[in-house]
Amino acid sequence: QVQLVESGGGLVEAGGSLRLSCSASGRTFGSAAMGWFRQSPPGKERELVAAISWSGGSAGYADSVKGRFTITRENNENTVHLQMNSLKPEDTAIYYCVADAEHSTVIQSPKLYWGQGIQVTVSS
C-alpha cells in the first residue's frame, strides 16, 4: 500500500517558520516529480504551491509563496520537505504532499498520489 505521510504542521505566529516533511512508503518515488498543494477553506480548489523534479535540480513555486517557501527532496530517504518562512495568515491551509509517478519534472498527471493532509495555521 502506497502512503504519503505529512508531518511538521501546526500553529505559528505571522513571520514565523515551519518545515513540512512528507515520507513515502510502499514504493519509491525517486523518478517522480513531487510537490505540495494547499487548500483553504475546505471545498475550495487546491492550489499547487511548490513542485520539484525527480533529481531536485529544478523547482517551481506559486507566486504567492515565491521567495518564502523552499522545496527539497531526499531520494535516499523517499522524503520531500517544504521549508516555509515569513509565514502569513493567508498561508493558513491544509497542506498536501503529492507524487506524480507519470512525470519526472512537473506535476501534471490527473492521477496523483496524495497524502492525508496536515494543518498549518498562521496567527496574526
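So, a few notes on the structure that sits alongside this text. (Residues numbered from 1 in each chain as written. Predicted model: local features only at pLDDT ≥ 70, side-chain atom pairs only at ≥ 80, totals over all residues. Heavy atoms only, no water.)

**A closer look at the overall build of the chain**
A count of helical and extended segments in the chain gives 0 helices and 11 strands. The order of α-helices and β-strands along the chain, N terminus first, is β-β-β-β-β-β-β-β-β-β-β. Against the globule reference of 14 Å for 124 residues, the chain gives a C-alpha radius of gyration of 13 Å, in line with a compact fold. A fraction of 59% describes how many contacts in the chain between residues 6 or more apart in sequence connect residues 24 or more apart. One way to put it: in the chain the 10 positive side-chain charges average out to a point 2 Å from where the 11 negative ones average out. (Helix = DSSP H or I, 4+ residues; strand = E, 2+ residues; numbered from the N terminus. Rg over C-alpha atoms; globule rule 2.2 N^0.38 Å. Contact = heavy atoms within 4.5 Å. Lys, Arg positive; Asp, Glu negative; His and termini not counted. Charge placed at Lys NZ, Arg CZ, Asp CG, Glu CD.)

**Considering the sheet that holds strand β7 (residues 69–74)**
In spatial order, the strands read β1-β3-β8-β7; together these 4 strands make up an open sheet with antiparallel pairing. Both outer strands of the open sheet, β1 (3–7) and β7, are each paired with one neighbouring strand and no more. Neighbouring strand axes in the sheet, compared pairwise and without regard to direction, differ in orientation by 15 degrees on average. Across 6 bridges, strand β3 (residues 18–25) lies against strand β8 (residues 79–84) in antiparallel orientation. When the sheet's bridge partners are listed, Leu18 is paired in β8 with Met84. (Pairing = 2+ DSSP bridges. Axes fitted to C-alpha atoms, helices over the stretch in contact; angles between N-to-C directions.)

**Let's talk about the state of the cysteines**
With the rule as written, the count across this model stands at 1 disulfide. The disulfide bridge from Cys22 ends at Cys97, spanning 2.1 Å between sulfur atoms. Looking along the S-S bond of the Cys22-Cys97 disulfide, the torsion reads about -80 degrees, which is the left-handed sense. You can see Cys22 sitting in strand β3 and its partner Cys97 sitting in strand β9 (residues 93–100), a full 75 residues away along the chain. Taking relative accessible area as the criterion, Cys22 reaches 1% and is therefore assigned buried. (Disulfide = S-S within 2.5 Å. Buried < 20%, exposed > 50% of the residue type's maximum accessible area, 1.4 Å probe, protein only.)

**Description of the nonpolar core**
Trp36, Leu82, Met84 and Tyr95 are the most contacted members of the largest nonpolar core, which has 28 residues in total. For this core, the secondary structure elements donating two or more residues are β3, β4 (33–39), β5 (47–52), β7, β8, β9 and β11 (118–123). Counting 7 residues, the second-largest nonpolar core is a separate cluster that includes Ala33, Phe37, Val98 and Leu112. (Core = buried A, V, L, I, M, F, W, Y, C linked by side-chain atoms within 4.5 Å.)

**As for the pairing of β11**
Side chains of β11 alternate between two faces, with Ile118, Val120 and Val122 buried and Gln119, Thr121 and Ser123 left unburied. Relative to β11, strand β2 (residues 10–13) runs parallel, the two sharing 4 bridges. When the sheet's bridge partners are listed, Leu11 is paired in β11 with Thr121. Sheet topology places β9 next to β11; 3 bridges connect them, and they run antiparallel. Opposite Tyr95, over in β11, you have Ile118 as the bridge partner.

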